[in-house]
Amino acid sequence: MAHTRLLHAATLAAGLLTAAVVPALAVPSTPDQAKALVQDAVAYLKAKGAAEAAKAFNDPKGGFVRQDLYVFVFDKAGHYVASGGNPALTGQDAATLTDAEGKPIVQEMMKATAANPAGVVEYVWLNRASNKVEHKHSYIVREGDYLVGSGYYTE
């Protein structure tokens, strides 16, 4: 059982690291741009429902992949509902996903939005544009049973 969990975690991490990403731009996205993208995604989720929203969030041309930003959504159990960075992750369990330093990312996102509807979580992640492990922040909003977020790199 433990071997199966380790294999699943390794497969999930490999999928995250090989995610299709928008080509790097000269200027990285800002926290305000990430927040605006998440707010747009939450409004779309409310208007269209989870199934329709997931289709748009997973579609690189669906309006929710902007520059180096993309929307990701987790359900209350920590499963991917959508990932604009890698739609193949949809349905996968990320509840125990950790960053490069062992920080439980999804669990931290759940904690950050437990008492407040929005929060920011910092973690260390591979920046596909620079191919370096860097500090990343994700702006997260809890909407019903979902966590909707987008992340940006900081120096």
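Preceding this section is the structure that the text describes.
Let me begin by describing the structure that accompanies this report. Model, not experiment: these values are computed from the prediction. (Residues numbered from 1 in each chain as written. Predicted model: local features only at pLDDT ≥ 70, side-chain atom pairs only at ≥ 80, totals over all residues. Heavy atoms only, no water.)

## Some details on the overall build of the chain
Right, so step 1: Counting its regular elements, the chain contains four helices and seven strands.
Right, so step 2: Taken over 155 residues, the chain has a buried fraction of 39%.
Right, so step 3: Look at the contacts in the chain between residues 6 or more apart in sequence, and 51% of them connect residues 24 or more apart.
Right, so step 4: Element-wise, carbon and sulfur atoms account for 57% of the exposed surface of the chain, whose accessible area totals about 8300 Å². (Helix = DSSP H or I, 4+ residues; strand = E, 2+ residues; numbered from the N terminus. Buried < 20%, exposed > 50% of the residue type's maximum accessible area, 1.4 Å probe, protein only. Contact = heavy atoms within 4.5 Å. Areas by Shrake-Rupley, 256 points an atom, 1.4 Å probe, with all protein chains shown as cover.)

## Examining the sheet that holds strand β6 (residues 132-143)
Right, so step 1: Reading across from one edge, β4-β3-β7-β6-β5 is the order of the five strands in this open sheet, with antiparallel pairing throughout. Each edge of the open sheet carries a strand with a single partner, namely β4 (80-83) and β5 (118-127). Neighbour to neighbour, the strand axes of the sheet diverge by 25 degrees on average, direction disregarded.
Right, so step 2: Where strand β3 (residues 72-75) lies against β4, three bridges are found, and the strand directions are antiparallel. Counterpart to F74 in the pairing with β4 is Y80.
Right, so step 3: Helix α3 (residues 50-58) contacts β3, β4 and β7 (146-153) of the sheet and is inclined by roughly 35 degrees relative to β4. (Pairing = 2+ DSSP bridges. Axes fitted to C-alpha atoms, helices over the stretch in contact; angles between N-to-C directions.)

## Some details on the environment of Y146
Right, so step 1: Position of Y146 among the secondary structure elements: in strand β7.
Right, so step 2: For Y146, a relative accessible area of 25% translates into the label partly exposed.
Right, so step 3: Apart from residues lying up to four places away in sequence, Y146 is in contact with L45, A50, V73, F74, D75, V81 and V141.

## Describing the side chain of T113
Right, so step 1: Tracing the backbone shows T113 in the loop between α4 (105-112) and β5.
Right, so step 2: Within the local environment of T113, its side chain forms a polar contact with the backbone oxygen of M109, the two atoms lying 3.0 Å apart.
Right, so step 3: Leave out the neighbours within four places in its chain, and T113 touches A118, G119, I140, R142 and L147. (Polar contact = N/O pair within 3.5 Å; in protein donor to acceptor, adjacent residues only side chain to side chain.)

## Quick look at the nonpolar core
Right, so step 1: With 20 residues, the main nonpolar core has V38, A41, F57, F64, V71, V73 and V148 as its most contacted residues.
Right, so step 2: When residues of this core are traced back to their parent elements, those giving at least two are α2 (31-48), α3, β4, β6 and β7.
Right, so step 3: Apart from residues lying up to four places away in sequence, A41 is in contact with F57, F64, V71 and V148.
Right, so step 4: The next biggest cluster of nonpolar side chains, apart from the first, holds 17 residues, and it includes V65, F72, W125 and L147. (Core = buried A, V, L, I, M, F, W, Y, C linked by side-chain atoms within 4.5 Å.)

## What to know about the packing of aromatic side chains
Note on aromatic pairs: each is described by the distance of the centres and the angle between the planes.
Right, so step 1: Using the criterion set out here, one finds six aromatic pairs in the structure.
Right, so step 2: Considering the side-chain rings of F57 and F64, the 4.8 Å spacing of their centres and the 80 degrees angle between planes classify their relative orientation as edge-to-face. Take F57 and F64: they sit in the same class, and that class is buried.
Right, so step 3: Cluster of aromatic residues (ring-pair linked, three or more members): Y44, F57 and F64. (Phe/Tyr/Trp six-rings, centres within 6.5 Å; stacked < 30°, edge-to-face > 60°.)

## Let's talk about the pairing of β3
Each regular strand displays side chains that alternate between the two surfaces of the sheet.
Right, so step 1: Hairpin connection from β3 to β4: four residues lie between these consecutive antiparallel strands, with G78 at a positive phi of about 95 degrees.
Right, so step 2: Bridge analysis of β3 against β7 gives four bridges, and the strand direction is antiparallel. The residue bridging F74 from the neighbouring strand is L147, located in β7.

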